[in-house]
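# Breakdown of the fold
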Amino acid sequence: MSSKPQHKKRILVLNGCNLNLLGAREPEIYGRDTLADIETRLAALAKKAGVELECFQSNHEGALIDRIQQARGKADAILINPGAFTHTSVGIRDAIAGAGVPTIELHLSNIHAREGFRRHSFLAPVCVGQIAGFGAGSYELAFAAALRIIGGRP
Ligand code: DQA
């Protein structure tokens, strides 16, 4: 009996507002790696793990919501650094809650060790978990977490 061929697992990486400026923007907080540097490293990890990777950045809340809606039934996990939308967006939270795709929230900086307004995330309650404070390494840690989820591990 032949078993059905399994589709390659897909991970969607979303970046919100101002993250297109990584490397140049407040490097003492966010580091010197550009978003392209980070995405190149993630692409190499995805290749090694045999998963498909799609990356998308937008400064527009609605564009991110559109991508999350489109991921329903298509992506197996989402990594999201929402930037400042973390602290403001009920719309992105509702999109994640509605998409039914396990989602990991990540931040370069430790948002809990900064200004008070950054401590609250509208997204955290609808995400599997949150990774924050490891600089560009937060993306690689979140990717590792996504692989665990895809592999059926918590
Ligand atoms: C950030 C933290 C947010 O508070 C901030 O608005 C960002 C980046 C981070 O990755 O550390 O734009 O999400």
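Cut-offs and rules
- Residues numbered from 1 in each chain as written.
- Predicted model: local features only at pLDDT ≥ 70, side-chain atom pairs only at ≥ 80, totals over all residues.
- Heavy atoms only, no water.
- 1 Å grid on protein atoms, 1.4 Å probe; cavity = no way out; pocket = protein on both sides within 12 Å on 5 of 7 lines; lining within 4 Å.
- Points joined across faces, edges and corners; volume = space filled by probe spheres on them.
- Nonpolar A, V, L, I, M, F, W, Y, C, P; charged D, E, K, R; others polar.
- Helix = DSSP H or I, 4+ residues; strand = E, 2+ residues; numbered from the N terminus.
- Contact = heavy atoms within 4.5 Å.
- Near = heavy atom within 4 Å.
- Polar contact = N/O pair within 3.5 Å; in protein donor to acceptor, adjacent residues only side chain to side chain.
- Areas by Shrake-Rupley, 256 points an atom, 1.4 Å probe, with all protein chains shown as cover.
- Sits in = over half its atoms within 2 Å of the grid points.
- Phe/Tyr/Trp six-rings, centres within 6.5 Å; stacked < 30°, edge-to-face > 60°.
- Lys NZ or Arg CZ within 6 Å of the ring centre and 35° of its normal.
- Core = buried A, V, L, I, M, F, W, Y, C linked by side-chain atoms within 4.5 Å.
- Buried < 20%, exposed > 50% of the residue type's maximum accessible area, 1.4 Å probe, protein only.
- Salt bridge = Lys/Arg side-chain N within 4 Å of Asp/Glu carboxyl O.

Tallied over the full model, the rule gives 1 cavity of 30 Å³ or more. Residues that form the lining of the largest cavity fall into these classes: 5 nonpolar, 5 polar and 3 charged.

Topologically, asparagine 15 is positioned in strand 1 (residues 10-15). Apart from residues lying up to four places away in sequence, asparagine 15 is in contact with Leu35, Glu39, Phe56, Gln57, Ser58, Leu64, Asn81 and Tyr139.

For the rest of this paragraph, the subject is the site of the ligand. Looking at the ligand, the residues that line it are Arg25, Tyr30, Asn81, Gly83, Ala84, His87, His107, Leu108, Ser109, Ile111 and Arg118. One of the backbone nitrogen or oxygen atoms of alanine 84 is found 3.2 Å away from an oxygen atom of the ligand. The backbone of leucine 108 places a nitrogen or oxygen atom 2.8 Å from an oxygen atom of the ligand. Within the complex, 99% of the 320 Å² of free accessible area of the ligand lies under protein. Placement of the ligand is best described as lying within the largest cavity.

Another aspect to go through is the packing of aromatic side chains. Each aromatic ring pair is summarised here by two numbers: the centre-to-centre distance and the angle between the ring planes. Tallying each qualifying case throughout the model produces 0 aromatic pairs. Its end group placed over the ring of phenylalanine 56, arginine 67 keeps NZ or CZ at 4.2 Å from the ring centre.

Our next topic: the nonpolar core. Counting 22 residues, the largest nonpolar core has Ile11, Leu22, Leu79, Leu108, Tyr139 and Phe143 as its most contacted members. Put simply, the parts of the chain that give this core at least two residues each are strand 1, helix 2 (35-49), strand 3 (77-81), strand 4 (103-107) and helix 5 (137-150). For this core, the leading source of residues is helix 5, giving 5 residues. The residues contacting phenylalanine 143, other than those within four sequence positions of it, are Ile11, Leu42, Leu45, Ala46, Val51, Leu53 and Leu79.

Let us now look at the pattern of salt bridges. Tallied over the full model, the rule gives 6 salt bridges. Salt-bridge contacts for arginine 41 lead to glutamate 140; the nearest nitrogen and oxygen are separated by 2.8 Å. Taken together, the residues arginine 41 in helix 2 and glutamate 140 in helix 5 connect sequence positions 99 residues apart. On the accessibility criterion, glutamate 140 (30% relative accessible area) is partly exposed. For arginine 114, the salt bridge goes to glutamate 115, with nearest N and O atoms at 3.8 Å. Residue arginine 114 is classed as buried on the basis of its relative accessible area, which comes to 18%. Note on glutamate 115: relative accessible area 34%, which makes it partly exposed. Salt bridges here are not isolated pairs; linked through shared partners, they connect Asp33, Arg41 and Glu140.

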